[in-house]
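Below are the chains, spelled out letter by letter.
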Amino acid sequence: MRESRTDPLSFEIPTSTSTPDRSDGSAPGYRANRTLPVRVELRRQFTRRRTRLGLGCLAVLPLLLLLAFELGGDDHDSHHTLADTATFGGMNFAAFTLFAATNFLLVVIVALFFGDTVAGEASWSSLRYLLAAPIPRTRLLRQKALAAAVLSCFGLALMVLMALGTGLLWYGGDPLLGSTDEVLGLSAGLLRLGGGCLFLTLHLMWIAGLALWLSVSIDAPLGAVGSAVLVSILSQILDEISALGPLRMLLPTHYSTAWTELLGDEVDWTALANGVFSGLVYGTLFTALALHHFRRKDITG
Amino acid sequence: MRLAAPTSPTVRSVRSLPPVRRSFLLISLTLVTLVVAGALMWSGEEEPAPTKQVTSRQVRIDVLDGPAEQHRVQIDLTMYAPARTPAPAVVLAHGFGGDKTSLTGPARNLAERGFTVLTYSARGFGNSTGKIALNSPEYEVTDARQILDWLARQPEVVTDGENDPLVGVAGVSYGGALSLLLAGSDPRVDAIAPVMAYNDLSRALLPDAASAEPIPSDTPARGAAESAGVFKKSWAARLFATGTGGPGTDERSRPDSEGDMARGPRSEQPVTCGNFTSEVCAAYTELAESGSASRRTLDLLAAASPRSVTDDIDIPTLLVQGQQDPLFGLSQADANARQIAAAGGKVKMIWFAGGNDSAAPGAASWRAIGDWFAHHLPDSDIPPVPDPGTGFSYQVRGETRHEGGSPLHTMVAPSYPGLSGERAERRALPLYGSPEQVINPPGGTASATAALPEAAPESVGSTAGQTAVFRTRPLEKQLLVSGLPQTRLSVASVPGQPSSGSAVLFAELYDVGPDGQREPIGGGSAPMRVTDLPADGRSVQVDVALPGAVRSVEAGHHLELTVTTTDRAYASPKNPAVHVVGLAGQRTISLPSVRSRMIGEGTVPTVALSGTSVLLLLILLSWAIAALLRRHGATAADPDLADTPLVTSDLVKAYPGKLTAVDELSLRVEGGQIVGLLGPNGAGKTTVLRMVLGLLRPTSGEIRVFGHRVSPGAPALSRTGSFVETPGFLPHLSALENLESYWAATGRPTSHARFEEVLEIAGIDSSAQRRVGTYGQGMKQRLGIAQAMLGLPDLLVLDEPTNGLDPPQIHRMREILRRYAATGRSVLLSSHLLSEIEQTCDHVVVMREGRLVASGTVSEIIAGNGEYTFRVDRPEQAARTLRLLEGIGEVECDGERLHADLGVHPPAVAVNVLVDAGVLIHQVVPRRRLEDAFLELVGEERH
């Protein structure tokens with residue numbers, strides 16, 4: 001604001017070179033399928049406080065749980081829930097941590113990463129510049145969703161690994177005690193936990209898709225995230241009403257804890273497959289809606 | 001023997017309310033049928049309902065039975081006829097305590113499949129007369145033969161020959177045994193399907209699981225061959241109570257004295273015998289009193305046992321047995337299977353999760369029975385089924401499901417092992433534990449309560465001194481037990497301690513979890529009577545067959561074998577005794593584990609799997625289609641416009657229900673031009689710019705950038721740089737980081753970006769590390785313009801670029817833009833300030849309410865078309881004077897001012913004329929018609 005030189009620039013702006021005739025009329029060096037690389041988008045997101053806070057929550061959760069178990073007495077003699085067996089060993093602790101995060105924390109984190117994709121850019125007014133760069137809309141949505149997926153998976157892995165590390169250090173490497181008292185060794189137990197993470201990754205596609213859709217529909221990022229979480233909570237409440245019977249299978253959260261089947265000796269693959277299917281169907285549906293909406297949207301924000 | 005209405009053996013019971021139960025059963029059956037029918041109709045897989053009409057008729061027929069066939073008994077029967085007759089017949093025989101209505105459901109289902117189905121109440125039950133003779137060949141079996149005679153005469157039944165119906169016989173429990181007995185004595189029976197039937201009644205009521213001889217282990221469920229073991233008093237009492245009380249009779253009113261003869265059975269024998277024949281009654285009384293059987297009783301039981309006729313059964317036999325049946329366990333079906341297979345019969349074995357005191361055979365079992373008869377009683381009117389074969393299947397309870405409840409998995413093996421060739425697989429687990437003394441308390445009072453239907457498993461005994469315990473090590477792998485586990489034990493008297501030379505012991509096997517939770521394997525305990533124990537303490541070794549079970553023992557669990565002296569379900573010796581029980585032989589427990597594979601019933605999530613694959617396929621397909629459309633969707637460029645940065649033609653943006661934001665706007669930006677888009681706020685300038693950048697879709701019209709049509713994300717837009725309304729930056733990054741991040745997002749080479757130059761244009765120190773969030777509005781604005789200039793685009797689109805800048809910065813910006821255009825690049829900028837446009841642009845497009853008002857070079861617009869305004873002292877005279885000029889245009893007065901279109905005349909001529917006319921001229925200026933109109937509009941906006 002201080003500059004008031006008569007000569008505004010210390011350099012010459014080079015003359016416009018007539019661009020070679022590129023068939024699509026683009027500038028030299030521009031290729032639509034090179035715009036917004038995931039790496040760039042990840043850097044954009046990872047430098048944000050919100051992203052770090054979300055990941056931090058996931059990393060800290062195991063420590064909080066450990067603290068809770070250490071402060072609280074160990075006065076249960078039955079072990080029919082994962083909470084009862086959480087302190088049996090590192091793998092049980094990790095399983096419990098995953099279970100504790102399944103229905104809310106992971107949903108919130110995934111909703112945060114996906115709900116912020118477009119709405120966040122819109123709230124910074126930077127969306128219009130990205131689109132005018134131009135980044136094709138489908139590609140923008142895809143790259144942002146990919147980056148959000150990477151962050152979500154990273155968060156999930158971070159939490160489970162933190163829980164495993166904490167648990168193995170604190171409670172030792174005892175075998176995983178499953179829901180029907182069968183015992184799984186280290187490699188089998190780790191495989192089951194990995195399977196659980198994989199299931200959650202696929203199942204949570206529904207909330208990812210929903211948040212993505214809301215993100216392109218609502219320009220306020222917190223509105224999109226909050227609405228997605230709200231839908232998840234409503235679905236969980238409805239799931240509690242047993243009078244709904246088989247209709248509950250249609251609820252997106254109905255199979256959210258189906259991964260715990262993997263901890264049993266005999267796996268109910270139906271619930272797992274249904275969970276994956278349900279996640280895929282809702283995820284695809286919402287993603288298609290998001291794409292449809294975003295491609296036709298007038299960008300005013 | 002299936003108890004239709006379970007009645008407690010104790011007189012205290014007040015809860016038997018059969019009528020209510022029956023109506024409840026009826027209601028639930030109706031409901032179930034409705035639901036099932038609804039589900040079938042919903043799924044649409046079944047044939048339409050009208051073809052499945054079933055008609056029924058009730059008949060009472062007289063039969064003659066007894067040793068000389070002179071007892072006349074009336075049998076009550078119901079015949080269910082399918083829509084198409086004649087058809088093969090199926091006779092359904094009910095269980096002990098039931099009557100012909102017990103099997104209404106299965107009967108109707110079979111009739112719907114096309115069979116003529118006959119159910120009848122056996123003698124002594126329901127509305128049939130006569131007394132219960134426990135399936136005696138002379139009574140019940142004779143009755144059944146005469147029912148076949150009657151059946152052969154009915155028009156609804158297909159016959160093989162004269163007086164020979166095409167008939168299959170199925171029965172449940174007591175009825176199942178009848179089907180075997182009938183098949184063994186009447187060659188007209190073509191196929192049978194006994195359910196939960198017994199092979200040997202004496203082994204069922206007086207079992208002995210211990211055998212001095214080795215128990216063969218070729219079949220998985222072979223029991224010990226001994227009989228006359230330990231009296232199963234609780235079950236016998238229940239059966240007897242059912243027979244004496246009879247279904248539908250309140251037990252409390254059953255007389256113990258002779259004073260209530262009117263309600264008693266039509267008989268001259270003691271009322272304690274109830275509906276039983278005197279022979280049966282005598283046998284029971286003897287058993288109950290002594291706990292052991294005489295020769296006569298054993299003969300009676302043997303004659304009533306299918307074992308006596310299985311040598312003659314060579315017809316297809318489907319054996320359905322309950323896996324948790326403490327009354328007629330798996331060993332009974334095993335014996336039937338072995339004997340019938342040896343006689344040449346085709347045997348298929350099905351074990352289901354249930355038994356005489358738990359779950360009745362379910363729809364799946366009845367479906368299998370229907371399939372069995374459909375295949376073995378072939379008829380053109382019955383839908384053909386694949387050959388049910390001679391396989392073996394059993395059910396394993398899975399762990400609790402996500403949905404709640406635990407699934408039943410059906411395991412199948414190609415054949416029942418041991419019948420021909422291959423033996424059943426067994427796994428031997430070492431047992432550990434030293435010999436222990438067990439005491440039979442005086443009176444034989446039971447502390448263990450297994451095998452009683454009412455007993456809770458937790459109460460299973462741990463009474464000190466009465467139980468010996470042997471354990472395995474924890475299992476390393478899961479093990480599926482399917483059949484009768486076997487072990488070898490040594491039993492000895494203790495010198496100096498009481499013993500009668502024979503020990504009665506009860507063995508049970510438990511599955512113990514890592515946390516100590518115990519669950520019994522198999523229903524009930526295995527009673528043993530070990531005789532001929534030497535008084536000097538030498539031991540006797542016996543093979544023991546434990547109760548049959550199907551159970552999956554998890555890894556980490558161990559097995560526990562307990563041997564105890566008492567069991568409430570059995571009659572133990574009353575004399576006190578002490579024995580030593582220890583492991584013998586291999587000191588192992590041998591667990592049968594039939595090699596099998598799991599099938600169906602929801603274990604394969606077909607819906608989800610196929611759905612997932614279809615979905616993935618759809619996604620792939622739409623992706624491919626989208627790619628194809630993209631490839632062919634590119635519109636051709638206009639070569640004439642290849643050097644024209646921007647052309648819009650008839651651009652319209654209309655919002656439904658609102659004002660048209662942009663209406664038929666055509667403008668053009670040539671190379672090297674700075675074009676200003678001038679208009680008051682709300683004129684539609686920003687809308688035009690957003691459409692140019694592909695952010696908004698035009699309602700109609702077309703935009704071309706360097707000849708390429710603009711659509712959202714059109715590649716040609718990469719030659720434009722833009723600043724629209726407000727700058728957009730990531731607040732947590734610095735200026736340079738923001739520019740770098742943005743440029744990286746465009747995917748273009750870093751060398752093309754020119755960060756340094758652009759930051760200098762913005763007047764921002766490139767080394768500044770402050771976050772953009774802390775910037776003032778002017779700085780953000782400049783950074784925004786800098787971002788637009790990244791890569792020095794050929795067309796710069798700027799929306800109100802000088803908003804928020806102070807005058808020196810505005811001045812500098814003008815200079816920059818001028819120099820930018822001087823390089824051959826073009827700038828399109830919008831403003832609501834004429835002065836701004838006037839000083840920056842060389843071309844201007846004026847908009848109002850979305851419409852183009854004027855366009856041209858700035859000088860043209862400013863100068864107007866020869867129109868001038870004169871401020872004079874006498875405007876009217878001046879007007880008259882000017883109108884005299886030849887070729888002059890319109891002249892009008894406006895107060896002190898005079899507006900005139902001078903046409904071809906230069907202003908100097910007009911001044912001269914006016915001066916000559918004596919008019920005093922204060923001022924002559926070009927008339928700025930547009931500015932007047934424009935300022936008015938702006939003024940309106942600003943108030």
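Residues numbered from 1 in each chain as written. Chains lettered and ligands numbered in written order. Predicted model: local features only at pLDDT ≥ 70, side-chain atom pairs only at ≥ 80, totals over all residues. Heavy atoms only, no water.

Novice: What am I meant to see in the sheet that holds strand E37 (residues 851–857) of chain B here?
Specialist: Two modes of strand pairing occur in sheets, parallel and antiparallel, and in both the strands are linked by backbone hydrogen bonds. Residue and element names in this part refer to chain B. One open sheet holds the six strands; their spatial order is E33-E34-E35-E30-E36-E37, and the pairing between them is mixed. Across the chains shown, the open sheet's two edge strands, defined by having one partner strand only, are strand E33 (720–723) and E37. Going from strand to strand, the sheet's axes swing by 15° on average, the running direction of each strand aside. When strand E36 (residues 843–848) meets E37, the two strands line up antiparallel, connected through six bridges. Its bridge partner being in E37, Met847 is matched across the sheet by Leu852. Here helix H12 (residues 685–692) sits on the sheet and contacts strand E30 (674–678), strand E34 (795–799), strand E35 (826–831) and E36; the angle it forms with E34, its principal contact strand, is near 145°. Here helix H15 (residues 777–789) sits on the sheet in contact with E33 and E34, set at roughly 165° to E33. (Pairing = 2+ DSSP bridges. Helix = DSSP H or I, 4+ residues; strand = E, 2+ residues; numbered from the N terminus. Axes fitted to C-alpha atoms, helices over the stretch in contact; angles between N-to-C directions. Contact = heavy atoms within 4.5 Å.)

Novice: Looking at this model, I keep getting lost on the packing of helix H4 (residues 90–102) of chain A against helix H8 (residues 137–171) of chain A. Mind explaining?
Specialist: Packed helices, taken two at a time, are described by the angle between their axes plus the distance between the axes. All names here are of chain A. Between H4 and H8, whose axes approach to 7 Å, the crossing angle comes to 145°. Remark: the crossing between H4 and H8 carries right-handed chirality. Here Gly90, Met91, Phe93, Ala94, Thr97, Leu98 and Ala101 of H4 come into contact with H8, specifically with Leu156, Met159, Val160, Ala163, Leu164, Thr166, Gly167, Leu168 and Tyr171. Looking at the contact of H4 with H8 residue by residue, the classes come out as 12 nonpolar, four polar and no charged. (Left-handed = near helix turned anticlockwise from the far one by under 90°. Nonpolar A, V, L, I, M, F, W, Y, C, P; charged D, E, K, R; others polar.)

Novice: Where do I start with empty space enclosed by the protein in this structure?
Specialist: Rolled over the atoms, a probe sized like a water molecule indicates the empty space that remains. Residues and elements named next belong to chain B. This model, assessed by the stated rule, comprises 11 cavities of 30 Å³ or more. If you add up the space inside the largest cavity, you get close to 180 Å³. For the largest cavity, the lining is made up of 16 residues, of which Leu134, Leu205, Phe240, Val280 and Tyr284 are closest to its centre. Every element with two or more residues in the lining of the largest cavity is listed here: helix H5 (201–205), helix H6 (233–245), helix H7 (278–290) and helix H8 (295–303). Residues belonging to the lining of the largest cavity are distributed by class as follows: 15 nonpolar, one polar and no charged. (1 Å grid on protein atoms, 1.4 Å probe; cavity = no way out; pocket = protein on both sides within 12 Å on 5 of 7 lines; lining within 4 Å. Points joined across faces, edges and corners; volume = space filled by probe spheres on them.)

Novice: What is the right way to look at the UniProt feature "transmembrane region" (unreviewed entry) in chain A in this model?
Specialist: Mapped onto this structure's residue numbering, the UniProt feature "transmembrane region" (unreviewed entry) falls at residues 53–73, 93–114, 145–171, 191–213, 220–238 and 269–291 of chain A. What you have in residues 220–238 of chain A is 95% helix and 0% strand, and the ends, taken at the C-alpha atoms, are 27 Å apart. (UniProt positions renumbered as here; feature names shortened; annotations may be inferred.)

Novice: Mind showing me how you'd approach a nonpolar patch on the surface here?
Specialist: There is a patch of nonpolar side chains on the surface, built from Phe104, Leu230, Ile233, Leu234 and Ile237 of chain A and spanning about 470 Å² of accessible area. Take Phe104 of chain A: it is sitting in the loop between H4 and helix H5 (105–115). (Patch = residues over 30% accessible without salt bridge, like charges linked within 9 Å, V, L, I, M, F, W, Y side chains within 5 Å. Areas by Shrake-Rupley, 256 points an atom, 1.4 Å probe, with all protein chains shown as cover. Salt bridge = Lys/Arg side-chain N within 4 Å of Asp/Glu carboxyl O.)

Novice: Would you mind showing me how to read the confidence of the model for chain B here?
Specialist: Close inspection of predicted coordinates is inappropriate for parts of the model with low pLDDT. Residues of chain B with pLDDT of at least 70 account for 85%, and the chain-wide mean is 82. A low-confidence stretch, residues 448–462 of chain B stays under pLDDT 50, and its non-local contacts, those more than four residues away or across chains, total 32 contacts. (pLDDT = per-residue confidence, 0-100.)

Novice: Got a minute to help me understand the side chain of Glu554 of chain B in this structure?
Specialist: Residue and element names in this part refer to chain B. Structurally, the position occupied by Glu554 is in the loop between strand E23 (549–553) and strand E24 (558–564). Lacking a salt bridge, the buried Glu554 has Arg551 as its closest oppositely charged neighbour, with an N-O distance of 7.3 Å. A distance of 3.5 Å separates polar atoms of two side chains, one belonging to Glu554 and the other to Ser552. (Buried < 20%, exposed > 50% of the residue type's maximum accessible area, 1.4 Å probe, protein only. Lys, Arg positive; Asp, Glu negative; His and termini not counted. Polar contact = N/O pair within 3.5 Å; in protein donor to acceptor, adjacent residues only side chain to side chain.)

Novice: I would appreciate a short explanation of the sheet that holds strand E3 (residues 89–93) of chain B in the present structure.
Specialist: Residue and element names in this part refer to chain B. Reading across the sheet, the 11 strands line up as E1-E2-E4-E3-E7-E8-E10-E11-E12-E13-E27 and stay open at both edges, with mixed pairing between neighbours. Strand pairing shows two members of the sheet lacking a second neighbour, strand E1 (55–65) and strand E27 (597–599), which therefore form its edges. Between one strand axis and the next, the sheet turns by 25° as a mean value, whatever way the strands run. Note that strand E2 (residues 71–81) and strand E4 (residues 116–120) share four bridges and pair antiparallel. Bridged to Leu77 within E4 is Tyr120. Each of E1, E2, E3, E4, strand E7 (167–172) and strand E8 (189–195) touches helix H3 (residues 140–152); the most contacted strand, E1, lies at about 130° to it.

Novice: Help me understand the pattern of salt bridges in this model?
Specialist: Between side chains of opposite charge, a pair can form when the charged atoms approach closely. All names here are of chain B. A full pass over the atoms with the stated rule returns 42 salt bridges over all chains. Linking Lys346 and Asp387 is a salt bridge whose minimum nitrogen-to-oxygen distance equals 3.5 Å. Residue Lys346 is found in the loop between helix H9 (330–343) and strand E11 (347–352), and its partner Asp387 is found in the loop between helix H10 (363–376) and strand E12 (392–397); the two are separated by 41 residues along the sequence. Given the relative accessible area of 46%, Asp387 is considered partly exposed.

Novice: How should the side chain of Thr35 of chain A be read in this particular structure?
Specialist: With respect to the helices and strands, the residue Thr35 of chain A is situated in the segment before helix H1 (38–46). A residue is classified by how much of its surface remains accessible, and Thr35 of chain A, at 0% relative accessible area, is buried. A polar contact is formed between the side chain of Thr35 of chain A and the backbone oxygen of Ala32 of chain A, at a distance of 2.7 Å. In contact with Thr35 of chain A, not counting residues within four places along its chain, are Tyr30, Pro134, Ile135, Pro136, Arg139 and Gln143 of chain A together with Ala745, Thr746 and Gly747 of chain B.

Novice: Honestly, a positive patch on the surface in this entry has me stumped. Any pointers?
Specialist: A cluster of basic residues, Arg142, Arg295 and Arg296 of chain A together with Arg630 and Arg697 of chain B, forms a positive patch on the protein surface. Counting through the fold element by element, Arg630 of chain B comes out in helix H11 (residues 606–633). By relative accessible area, which is 55% here, Arg630 of chain B ends up exposed. (Charge placed at Lys NZ, Arg CZ, Asp CG, Glu CD.)

Novice: Looking at this structure, I do not really get the pairing of strand E18 (residues 486–493) of chain B. What am I missing?
Specialist: Walk down a regular strand and you will see the side chains alternate between the two sheet faces. Residue and element names in this part refer to chain B. Here E18 lies mainly inside the structure; seven of its eight residues are buried. One ladder, built from seven bridges, connects E18 with strand E22 (residues 539–545); its direction is antiparallel. If you follow Ser490 over to E22, its bridge partner there is Gln541. Here E18 pairs with strand E26 (residues 588–592) via two bridges, running antiparallel. Counterpart to Gln486 in the pairing with E26 is Ser590. Note that E18 and strand E25 (residues 577–583) share five bridges and pair antiparallel. Bridge pairing links Val491 to Val581 in E25.

Novice: Can you walk me through the packing of aromatic side chains in this structure?
Specialist: Two numbers describe a pair of aromatic rings. These are the distance of the centres and the angle of the planes. Residues and elements named next belong to chain B. In the structure shown here, the tally under the stated rule is 18 aromatic pairs over all chains. Both rings, one in Phe125 and one in Tyr174, keep their centres 5.9 Å apart while their planes meet at 70°; by these two values the pair is edge-to-face. Here the residue Phe125 occupies a position in the loop between E4 and H3, and Tyr174 occupies one in helix H4 (residues 174–185), the gap between them amounting to 49 residues. Given a relative accessible area of 0%, Phe125 falls into the buried group. Among the aromatic side chains, those forming a connected cluster through ring pairs are Phe96, Phe125, Tyr174, Phe240, Phe276 and Tyr284. Lying across the ring of Tyr432, Arg473 places its NZ or CZ 4.0 Å from the centre. For the cation-ring pair, Arg719 lies above Phe706, with the distance from its terminal atom to the ring centre recorded as 3.6 Å. (Phe/Tyr/Trp six-rings, centres within 6.5 Å; stacked < 30°, edge-to-face > 60°. Lys NZ or Arg CZ within 6 Å of the ring centre and 35° of its normal.)

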